Amino acid sequence: FIISLPFLSVAQSFDATNEAAIGSLASLHLCDSNANIQANIMGANATWDFSQIAGIFGVTKDVQILDATQDPNYASFAGSTKMYDIGGNLQTFYSSSANGRISQGFVFNEVSLGNVVASWPINNELLMNYPFALGASTSDVFDGTITSTTTGTIPTNGVSMTSADGIGTLLLPGGSSYSNVLRFHLKDSATAIVFNTPVHFVRNQFEYYDFTISNLPIFLYSNIKLESALLNNSSTLVLSKDQPTTFVGLEENDIEAF
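On a predicted model such as this, the values are computed, not experimentally measured, just so you know.

Digging into the overall build of the chain
Helix and strand content of the chain: 2 helices and 16 strands. For the chain, the C-alpha radius of gyration of 18 Å lies close to 18 Å, the compact-globule estimate for 258 residues. Residue burial in the chain is summarised as follows: out of 258 residues, 49% are buried. Across the chain, every contact between residues at least 6 apart in sequence was considered, and the portion connecting residues at least 24 apart equals 59%. Of the accessible surface of the chain, which amounts to about 12,000 Å², a share of 55% is contributed by carbon and sulfur atoms. Charged side chains of the chain number 8 positive and 22 negative; the gap between the two group centres comes to 4 Å.

This is the structure:
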């Protein structure tokens, strides 16, 4: 039994028992979007140190799971049962079973295109197979459409990869330390032809979980880029369970947003 203790301390995975239920909600503190996200720190016994990350004073964002069937955009995501809302900026529609989780697409607001509905009704996107533990990964292709006021509805296809790429200690502001944290990484890219030009919608997301505290992330990084000859825009959101102790000035934040 004593010999098995180190194994038990890291034997955690994503599965149907710890998937966040509809109604789950966490208010996380908004952090500096220019922070080093430490993407290359992976594997067992990892340490991710965000203890000195700066924040935006007094600003929080809700991360929550909502009933997808009650959302105004549900018609574009038939088959989804849950909607994962990150701060009102990104809504991912998905469904799950005892075997895993798949996504029917997502909605986000883009500075040039406005409200963008990325829907994969032809071929859904695989997010994870249960159980999804350290070292597990997926690669998938998906097909559907992207709709915005600017572009109308246009066909798109994409590729994705997900992984549980690290487990270890997460250090957050105020001296908070969380052990046995499992990190989930999602990166996908959808390509559409806009005004005869290929446009790539690239999403890169890291989520840090401590299931003893919450079935939602306790730290999160989400970035969406538009890459093309026409547009090159990027939107980043960094959220933390614990409030930063240093803050980015409003003038600096306004410049970054501009």
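Alright, that's what it looks like, and here's the rest.
Here's the deal with unusual backbone geometry
For the bond from Tyr 130 to Pro 131, the omega torsion is -15 degrees, close enough to zero to count as cis. We note that Gln 38 has phi near 60 degrees; this positive angle belongs to a residue other than glycine. Within the secondary structure, Gln 38 is located in the loop between β2 (25-31) and β3 (43-49). By relative accessible area, which is 13% here, Gln 38 ends up buried. Phi at Asn 45 takes a positive value of approximately 60 degrees, unusual for a residue other than glycine. Mapped onto the fold, Asn 45 is located in strand β3.

Some details on the side chain of Asn 18
Summarising the element assignment, Asn 18 is placed in the loop between β1 (13-14) and β2. In this structure Asn 18 touches Ser 13, Phe 211 and Asn 215, once residues within four positions along its chain are discounted.

Section: the confidence of the model for the chain
Looking at the chain as a whole, its pLDDT mean stands at 91, while 92% of the residues score no less than 70. Within the model, the stretch residues 1-10 combines pLDDT values under 50 with 3 contacts to residues more than four positions away or in other chains. Predicted confidence is poor over residues 251-255, with pLDDT under 50, and the contacts of this stretch with residues over four places away or in other chains come to 2 contacts.

With respect to the pattern of salt bridges
Opposite charge on two side chains makes pairing possible when the charged atoms of those side chains draw close. In the structure shown here, the tally under the stated rule is 6 salt bridges. A salt bridge links Arg 101 to Glu 19; the shortest N-O distance between them is 3.9 Å. Separated by 82 residues along the polypeptide, Arg 101 in strand β7 (residues 100-110) and Glu 19 in the loop between β1 and β2 bring together distant segments of the chain. What makes Glu 19 buried here is its relative accessible area of 10%. Within this structure, Glu 19, Lys 82 and Arg 101 form a network of salt bridges that share partners.

Notes on the nonpolar core
Core analysis: the biggest nonpolar cluster contains 45 residues, and Phe 14, Tyr 84, Phe 108 and Phe 201 have the highest contact counts within it. Not counting the four nearest positions on each side in its chain, Phe 108 is found in contact with Asn 89, Leu 90, Gly 114, Asn 115, Val 116, Phe 201, Ile 224 and Leu 226. Ranked by size, the runner-up nonpolar core spans 16 residues in total, among them Cys 31, Leu 170, Tyr 208 and Ile 218.

Re the side chain of Gln 104
As for its position among the elements, Gln 104 is in strand β7. A relative accessible area of 3% means that Gln 104 is categorised as buried. Other than its neighbours up to four places away in sequence, Gln 104 contacts Phe 77, Ala 78, Gly 79, Ser 80, Phe 93, Tyr 94, Ser 95, Ala 118, Ser 119, Trp 120 and Asn 124.

Brief notes about the packing of aromatic side chains
Under the definition given, this model contains 16 aromatic pairs. Ring geometry for Phe 108 against Phe 201: centres 6.3 Å apart, planes inclined by 70 degrees, an arrangement best described as edge-to-face. Of the two residues, Phe 108 sits in strand β7 while Phe 201 sits in strand β14 (residues 197-209), which places them 93 residues apart along the sequence. Classification of Phe 201 by relative accessible area gives buried; the value is 5%. A connected cluster of aromatic rings, assembled from ring pairs, spans Phe 14, Phe 132, Phe 184, Tyr 209 and Phe 211.

Concerning the environment of Ile 122
Residue position: Ile 122 is located in strand β8 (residues 114-123). Each C-alpha atom, one on Ile 122 and one on Asn 157, is 9.6 Å from the other, the two residues being 35 residues apart in sequence. Each residue touching Ile 122, except ones within four places of it in the same chain, is listed here: Asp 143 and Gly 144.

Some thoughts on the pairing of strand β11 (residues 137-148)
It is a general feature of regular strands that their side chains alternate between the two faces of the sheet. With 4 bridges joining them, β8 and β11 adopt antiparallel strand pairing. When the bridges of β11 are listed, Val 117 appears paired with Thr 147. Counting the residues between successive antiparallel strands, the hairpin from β11 to strand β12 (residues 152-172) contains 3 residues.

Quick notes on the rules
- Residues numbered from 1 in each chain as written.
- Predicted model: local features only at pLDDT ≥ 70, side-chain atom pairs only at ≥ 80, totals over all residues.
- Heavy atoms only, no water.
- Helix = DSSP H or I, 4+ residues; strand = E, 2+ residues; numbered from the N terminus.
- Rg over C-alpha atoms; globule rule 2.2 N^0.38 Å.
- Buried < 20%, exposed > 50% of the residue type's maximum accessible area, 1.4 Å probe, protein only.
- Contact = heavy atoms within 4.5 Å.
- Areas by Shrake-Rupley, 256 points an atom, 1.4 Å probe, with all protein chains shown as cover.
- Lys, Arg positive; Asp, Glu negative; His and termini not counted.
- Charge placed at Lys NZ, Arg CZ, Asp CG, Glu CD.
- pLDDT = per-residue confidence, 0-100.
- Salt bridge = Lys/Arg side-chain N within 4 Å of Asp/Glu carboxyl O.
- Core = buried A, V, L, I, M, F, W, Y, C linked by side-chain atoms within 4.5 Å.
- Phe/Tyr/Trp six-rings, centres within 6.5 Å; stacked < 30°, edge-to-face > 60°.
- Pairing = 2+ DSSP bridges.

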